[in-house]
Amino acid sequence: MRYSKQREQVFQMVMEKCGLHPTADDIYTSLRQTNPSISLGTVYRNLNQLSEAGKILKIPVANSSDRFDGCTHEHYHMICERCGEVSDIQSDYLSGFREHVLEQTGFHADSCQLILKGICKTCGEREHT
């Protein structure tokens, strides 16, 4: 991938928001503060190129905007179907998951994306109050 100043700015913004899982619109809004000439199309194009190159993760969210994650090590996500919040799963339970699949099935998984969908704690508490 050739160097591009705008791609570098998009990448840096994703890295600054690591753990927050921003949308393309979030990144665009933040970048416009320092680079008012950047277009939304440029942000989308560069996010997709960075994702395809494995520099960032693209997290598809049904009925909402995709989210992006600068943490590219293998980890998993939870998506709240009410508020749309995307969170990392911090669990030792899932370590070795690909190895387990290999043992059980003989399938050699190169990578794994696990997304749990449901209701986050905050939205769950709102329902019960």
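Structure report, in brief. (Residues numbered from 1 in each chain as written. Predicted model: local features only at pLDDT ≥ 70, side-chain atom pairs only at ≥ 80, totals over all residues. Heavy atoms only, no water.)

Glancing now at unusual backbone geometry. Non-glycine residue H21 carries a positive phi angle of around 55°. Positive phi outside glycine occurs at N63, with the angle close to 60°. Along the chain, N63 turns up in the loop between β1 (57-59) and β2 (67-69). Take N63: its relative accessible area is 84%, and that puts it in the exposed class. (Helix = DSSP H or I, 4+ residues; strand = E, 2+ residues; numbered from the N terminus. Buried < 20%, exposed > 50% of the residue type's maximum accessible area, 1.4 Å probe, protein only.)

Summed over all chains, the structure comprises one disulfide. At a sulfur-sulfur separation of 2.4 Å, the disulfide partner of C18 is C71. With C18 in the loop between α1 (5-16) and α2 (24-34) and C71 in the loop between β2 and β3 (76-80), this pair connects stretches of sequence that are 53 residues apart. What makes C18 partly exposed here is its relative accessible area of 31%. Free cysteine C83: the closest other cysteine sulfur is in C80, separated by 3.7 Å. On the accessibility criterion, C83 (42% relative accessible area) is partly exposed. The closest cysteine sulfur to the non-disulfide-bonded C123 is located on C120, 3.6 Å from its own sulfur. (Disulfide = S-S within 2.5 Å.)

With that settled, consider the packing of α1 against helix α3 (residues 40-52). Packed helices, taken two at a time, are described by the angle between their axes plus the distance between the axes. In the contact formed by α1 and α3, the axes pass within 9 Å of each other and the chain directions differ by 75°. Classified by the angle between their axes, α1 and α3 sit roughly perpendicular to one another. Contact with α1, carried on its side by Q6, R7, V10, F11 and V14, involves T42, V43, N46, L47, Q49 and L50 of α3 and no other residues of that element. A breakdown of the residues in the contact of α1 with α3 according to their chemical character gives six nonpolar, four polar and one charged. (Axes fitted to C-alpha atoms, helices over the stretch in contact; angles between N-to-C directions. Parallel < 35°, antiparallel > 145°, perpendicular 65-115°, else oblique. Contact = heavy atoms within 4.5 Å. Nonpolar A, V, L, I, M, F, W, Y, C, P; charged D, E, K, R; others polar.)

By themselves, these figures tell us nothing about what the structure is for.
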